[in-house]
Amino acid sequence: MLALRRAAPGAEHIPTLIFDEVDAGIGGVAASAVGQKLQAIAQEAQVLCITHLPQVAAFADQHYRVEKQERDGRTCTGLVLLEGEERIEEMARMLGGAQVTERTLEHAREIIAQSAPQL
């Protein structure tokens with residue numbers, strides 16, 4: 001779908017695109033390329049992307065974390081908008097797992113800065 005969106009004539013009339021697990025089976029440089037393509041598409045349409053890769057998430061204009069909690073025997077799902085240090089901490093967690101260190105925080109800052117749109 002990502003490739004079709006970039007190549008298909010007339011595709012600009014699609015106002016919202018949702019990509020779920022667009023990062024399945026990729027990583028590293030390929031994940032960064034997917035992030036760049038999604039960022040380019042987002043200049044023309046609303047893009048919602050569910051990803052587990054920081055290389056993809058770094059290109060987002062807005063970053064949300066999905067949280068699940070149990071309340072009164074029921075599972076509730078919510079979204080939390082991540083801004084500033086919260087976004088950096090989440091990216092560090094995505095990069096390094098449960099153990100967030102100063103090095104993973106530094107890497108998170110770097111990957112977000114490198115992914116900023118080039119004006």
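The rules we used
- For every chain, the first residue of the written sequence is number 1, and numbering continues from 1 onward in sequence order.
- Totals for whole chains, interfaces and linings use every residue, but because this is a predicted model, local features are given only for residues with pLDDT of at least 70 and side-chain atom pairs only at 80 or more, for both listing and counting.
- Side-chain metrics rest on all non-hydrogen atoms present in the structure, leaving aside hydrogens and water.
- The buried label applies to any residue whose accessible area, calculated with a 1.4 Å probe on protein chains only, is under 20% of its type's maximum; exposed applies above 50%, and partly exposed to all values in between.
- For helices the rule is a DSSP run of H or I covering at least 4 residues; for strands it is a run of E covering at least 2, with both sets numbered from the N terminus onward.
- Strand pairing follows a simple DSSP-based rule, namely that at least 2 bridges must link the two strands.
- Each reported salt bridge corresponds to a side-chain nitrogen of Lys or Arg within 4 Å of a carboxyl oxygen of Asp or Glu.
- Geometry is summarised by axes, namely lines fitted to C-alpha atoms with helices restricted to the contacting stretch, and by angles between N-to-C directions that run from 0 to 180 degrees.
- Each angle is binned into one of four classes, with values under 35 degrees roughly parallel, values over 145 roughly antiparallel, values of 65 to 115 roughly perpendicular, and all other values oblique.
- Contacts were defined at the residue level, with two residues in contact if any of their heavy atoms lie within 4.5 Å.
- Just so you know, the count uses Lys and Arg for positive and Asp and Glu for negative, and it drops His and the chain ends.

Engineer: Just give me the short version of the pairing of strand β1 (residues 16–20), but keep the residues and values in it.
Structural biologist: Here β1 shows a buried face lined by L17 and F19 and an unburied face lined by T16, I18 and D20. With 5 bridges connecting them, β1 and strand β2 (residues 46–50) associate as parallel partners. Paired with T16 across the bridge in β2 is Q46.

Engineer: Mind laying out the pattern of salt bridges, listing which residues take part and the relevant values?
Structural biologist: Inspection of every chain in the model, using the stated rule, returns 4 salt bridges. Of the charged contacts, one joins E67 and R65 as a salt bridge, the two residues approaching to 3.0 Å between their closest N and O atoms. With a shortest N-O distance of 2.5 Å, R93 and E90 are connected by a salt bridge. Within this pair, R93 and its partner E90 are both found in helix α4 (residues 85–96), separated by 3 residues, close to a single helical turn. A relative accessible area of 40% places R93 in the partly exposed class. One network of salt bridges, with partners in common, ties together R65, E67, E90 and R93.

Engineer: Mind laying out unusual backbone geometry, listing which residues take part and the relevant values?
Structural biologist: One non-glycine residue, E21, lies in positive phi territory at about 60 degrees. Looking at where E21 falls in the secondary structure, it is placed in the loop between β1 and α2 (28–41).

Engineer: Could you give an account of the packing of α4 against helix α5 (residues 102–115), naming the residues involved and the relevant values?
Structural biologist: Contact pair α4 / α5: the axes reach a minimum separation of 8 Å and the direction vectors enclose 110 degrees. Here α5 runs roughly perpendicular to α4, going by the angle between their axes. For the pair α4 and α5, the contacting residues are E85, R87, I88, E89, M91, A92, L95 and G96 in the first and T104, L105, H107, A108, R109, I111 and I112 in the second.

Engineer: Lay out the side chain of D23 with the relevant residues and their values.
Structural biologist: Checked against the element boundaries, D23 lands in the loop between β1 and α2. In this structure D23 is buried but unpaired, with R93 as the nearest side chain of opposite charge at 11 Å. Ignoring anything within four residues of it in the chain, the contact list for D23 reads T51, H52, L53 and V56.

Limitation: the analysis is restricted to geometry and does not speak to function.
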